Each structure stands twice: as C-alpha cells, then as structure tokens.
Amino acid sequence: MTAGPGAGPGPTVRTAPTAPPTPPAAPTPPAAPAAPATTLVIGEAITDVLTREDGVRRARPGGSPANVALGLARLGHPVRLATRIGRDGPGRELHAHLRGSGVVLTPGSFTEGATSTATARLDAAGSAHYTFDITWDPPLAALTAPASGPAPAHLHTGSVATALAPGADRVFAAVEAARPGATVSYDPNIRPALLTGADRERPRAERFVALSDVVKASEEDLGRLYPGRTSDEAARHWADGSGPALVVVTSGGAGARVFWPGGQCRVPATAVKVADTVGAGDAFMAGLISGLLHAGLLACADLAGAADAARARTALREATARTDLDGRVASALVLASRAAALTCTREGADPPTRTELARWAAGGPGG
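About the criteria used
- Residues numbered from 1 in each chain as written.
- Predicted model: local features only at pLDDT ≥ 70, side-chain atom pairs only at ≥ 80, totals over all residues.
- Heavy atoms only, no water.
- Helix = DSSP H or I, 4+ residues; strand = E, 2+ residues; numbered from the N terminus.
- Buried < 20%, exposed > 50% of the residue type's maximum accessible area, 1.4 Å probe, protein only.
- Contact = heavy atoms within 4.5 Å.
- Core = buried A, V, L, I, M, F, W, Y, C linked by side-chain atoms within 4.5 Å.
- Pairing = 2+ DSSP bridges.
- pLDDT = per-residue confidence, 0-100.
- Expected span 1.5 Å × (residues − 1).
- Arc of directions from axis to C-beta.
- Salt bridge = Lys/Arg side-chain N within 4 Å of Asp/Glu carboxyl O.
- Phe/Tyr/Trp six-rings, centres within 6.5 Å; stacked < 30°, edge-to-face > 60°.
- Lys NZ or Arg CZ within 6 Å of the ring centre and 35° of its normal.

Draft legend 1. Looking closely at the overall build of the protein. When helices and strands are tallied, the protein shows 11 helices and 18 strands. Looking at the protein as a whole, 56% of its 367 residues qualify as buried. Across the protein, contacts joining residues at least 24 apart in sequence account for 75% of those joining residues at least 6 apart.

Structure, rendered in structure tokens:
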C-alpha cells in the first residue's frame, strides 16, 4: 500500500527546458543545528481520540502544529510551541509527550480551561475523519516573543490555530510582527467540521499565505478553499504571487506536487505497510522545514534577526527562480517524504527521529 507522500526515488520534474539535477538517492537527515535560535510553532495541541472501525478507542497526543513541533524536535531542532493546554490530566499528558522529545512550551501556554480534543474515526485505509471539541483562545503572553533570549529564526503555524476565533486573529498578528526577523511556513490543514464556507475561509488563508515563505497544503485543502478550480491552478496562483517561494501540495498515496515561481515537479509516494495516516502530513511538513533549515533556505543562525531572515529569504527566492529544481530543495523534499512514510507505519501522530530516518536512508528498518 502506498503512503503519501512517501519515500520515493526523488522528485520528478515536469518542466522544460532545463532538466533538474538528480536528487541524492538516500539523503541523510541533517545533524542537529548548533545554533541557539529556535523555531517557534504556533498552534493547537489536542488529544486525538482514535476510533477504529471495530470500535476500539485510543487516546493519543495530537494537533497539527504540535505534531510539527514534535517532528522538528525529533529531527534535532530547538523548538518552542505557543499553544493552549489545560492543567487537567490530558493536558499534563500532552505536555509530558512534547517535553519528552524536547519541545518547550512558551510561557502562558497553560490555561485553567479543559484541554481540547478531536475524535478521529479511522476508515479501512487508515484515513482519519475528525470531529472537534476545541477552544482556541491562547493568551497573548503565549504568542509574544520573550523579552530576553534569542527571537525565533523561523515561525510555523497553521490548521485550527489560523482559522478559529478568537485566536486566529491573534496568531495572524503574531506572525505579522515576527516576519521581519523570521522566515515563515504555513499549512492551512482545513478541518471540514470547522469550515464556515470557502468564501469566508479563502481570504483568511490567503492572508497567511501572503506572509509565508513556504506553504504546504493537501489537495483536499485547496479543493475546499477554491471550489471550481484544480489544485494545480490554486497552487500556481499562490506560487506566482508575492508570498511563498515554495508551495507543496500533498495527495496521499499519489505523493506530492511542488510549485515554485520557475517550475514544478512531482514527489512520488512509496509502498509501506500503513497502520494509519494520522500525522503523516505534519511529519512531511516537519521534514521539509528541517531540510530547508539545514540548507540555509529558512532562517537558522547563531543570532536570529532581520538580517538572517532576509538572507535566508533571498537564498530561497534565488533557489526557486530557476526552471530546474534546486538540489537543496530536492533533498528537503525527499527527507519530508520519508518522514511522512515512516509515520504511516505506526499508529497515531508519531513522527520519526533523525536516527530512524538515517536507518531509512541507509536501507535499514525505520525503527
């Protein structure tokens, strides 16, 4: 069974006239960066209650942004998560789960309210269909950069955190304020159960896209935001605008398609034994960010600040200005695909570590 996006042989470029460089057959995940500057992830951390077709229920830590933070930490990156977690039992379990992999919660992320939950019903293919009991009202203190210590070099956000009131407007303000000194990535990760209609959601998503350097969206996300247009048309619209230099569209078992101002390519999926697909897209996002951070195409430096963000942003723009696929971007895409594929082989949102991905790259078991 194919898990997407998976660990295929590498991106396949569909543009002309220049053939792309052949990406590395087995890129090794980068070593943990030595820089103290962190990536800041803003968004929900929730308890996923996974319900299988046979009725068996199992609670797992989840939330798309929290999964991305977890994935980045397991790949060796210093990460802070600005979120909303209750001081109840589920909240303590979430915190222990994140802290165990090195994710640090920002001050103000704990609240006296209940920890939010999502009930995910898994179909025969392991795909999840969600219903939510969620509150997203993070205190401003959780989203504000600390007065001391390094500011974030890179900021990632998306999903419920960028769509659900009252917190979505606070998140937008935080991203807007951070952007001069940080590169930005975004994953809309539209939740149909919370969707208020394309005409309302599309402008909200587009304003985050406009602030972003890298955007990942599923084919379903784009179909919900742009009914009547193909996902390729929607992705090209984003890539040709003034916002992201790189747009990735994931398509489950069909892999992913990648768009940049100079061209586009396909990242094939791979055949793995699928336990479920929960968190696969988030693992892909974490792997992509990790690869781009390592390549210097997103900001990661000893002293994060406007100069480094501008340098990384310029480097990414230059890398995506050509018709052929930049080799550094190709390596990041392969890393992302492998992270997603390994996540599909186990239950729940359980992204791989650097060691597990290194084994994958070497042809051994993923863990």
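Draft legend 2. A look at the nonpolar core. Grouped together as the largest cluster of nonpolar side chains are 43 residues, with contacts concentrated most on Leu81, Leu246, Leu288, Leu292 and Leu333. Take this core: its biggest share by element is seven residues, from helix α8 (residues 280-294). In contact with Leu288, other than residues within four places in its own chain, are Val214, Leu246, Val248, Ala332, Leu333 and Ala336. Of all hydrophobic cores here, the second largest spans 31 residues; its members include Trp136, Leu211, Ala217 and Val247.

Draft legend 3. The pairing of strand β4 (residues 46-51), seen in detail. Burial analysis of β4 places six of its six residues in the buried class, the great majority of the element. Two strands pair when backbone bridges link them, and β4 and strand β5 (residues 57-62) are joined in this way by six bridges, in the antiparallel orientation. Residue pairing in the sheet places Ile46 in a bridge with Gly62 of β5.

Draft legend 4. The confidence of the model for the protein, seen in detail. Residues of the protein with pLDDT of at least 70 account for 83%, and the chain-wide mean is 85. Across residues 12-36, confidence stays below pLDDT 50; counting only partners more than four residues off in sequence or on other chains, it has 58 contacts.

Draft legend 5. View of helix α5 (residues 198-211). Under the 1.5 Å per step criterion, the end-to-end length of α5 is 20 Å for 14 residues, consistent within 8% with the ideal 20 Å. Every buried residue of α5 is listed here: Ala198, Glu201, Arg204, Ala205, Phe208, Val209 and Leu211. End-on view of α5: buried residues confined to an arc of 160°, all on one side of the axis. Buried residues in α5 make contact with β12 (154-158), α4 (167-178), β13 (183-187), β14 (214-218), α6 (219-225) and α7 (231-239).

Draft legend 6. How the structure looks around α8. Over its 15 residues, α8 extends 21 Å from the first C-alpha to the last, a length consistent with the 21 Å expected when each residue adds 1.5 Å. Most of α8 sits inside the fold, with 13 of its 15 residues counted as buried.

Draft legend 7. The arrangement of the pattern of salt bridges in detail. Under the counting rule described, the total for this entry stands at 19 salt bridges. A salt bridge links Glu356 to Arg346; the nearest nitrogen and oxygen atoms lie 3.0 Å apart. Here Arg346 lies in the loop between α10 (327-344) and α11 (354-361) and Glu356 lies in helix α11, a separation of 10 residues in the sequence. With a relative accessible area of 18%, Arg346 lands in the buried category. Through salt bridges with shared partners, a single ionic network connects Arg74, Arg346, Asp350 and Glu356.

Draft legend 8. How the structure looks around the pairing of strand β17 (residues 263-267). Only one face of β17 is covered, namely the one carrying Gly263, Cys265 and Val267; the face carrying Gln264 and Arg266 has none of its residues buried. Both strand β16 (residues 256-260) and β17 contribute to a ladder of five bridges, which runs antiparallel. Residue pairing for β17: Arg257 is matched across the bridge by Arg266. In this structure, the hairpin formed by β16 and β17 is closed by a connection of two residues.

Draft legend 9. The arrangement of the packing of aromatic side chains in detail. If you walk through the whole model with that rule in mind, you get three aromatic pairs. Ring centres of Phe172 and Phe208 lie 5.4 Å apart, and the angle between their planes is 90°; on these two criteria the pair is classed as edge-to-face. On the criterion of sequence distance, the pair formed by Phe172 in helix α4 and Phe208 in helix α5 is long-range, its members being 36 residues apart. The class of Phe208 is buried, set by a relative accessible area of 2%. Ring geometry for Tyr186 versus Phe208: centroids 5.4 Å apart, planes at 20°, classification stacked. Of this pair, Tyr186 sits in strand β13 while Phe208 sits in helix α5, placing them 22 residues apart in sequence. Residues Tyr186 and Phe208 agree in their burial class; the two are buried. Pairwise contacts between aromatic rings join Phe172, Tyr186 and Phe208 into one cluster. When the ring centre of Phe172 is taken as reference, the NZ or CZ atom of Arg207 above it lies at 4.1 Å.

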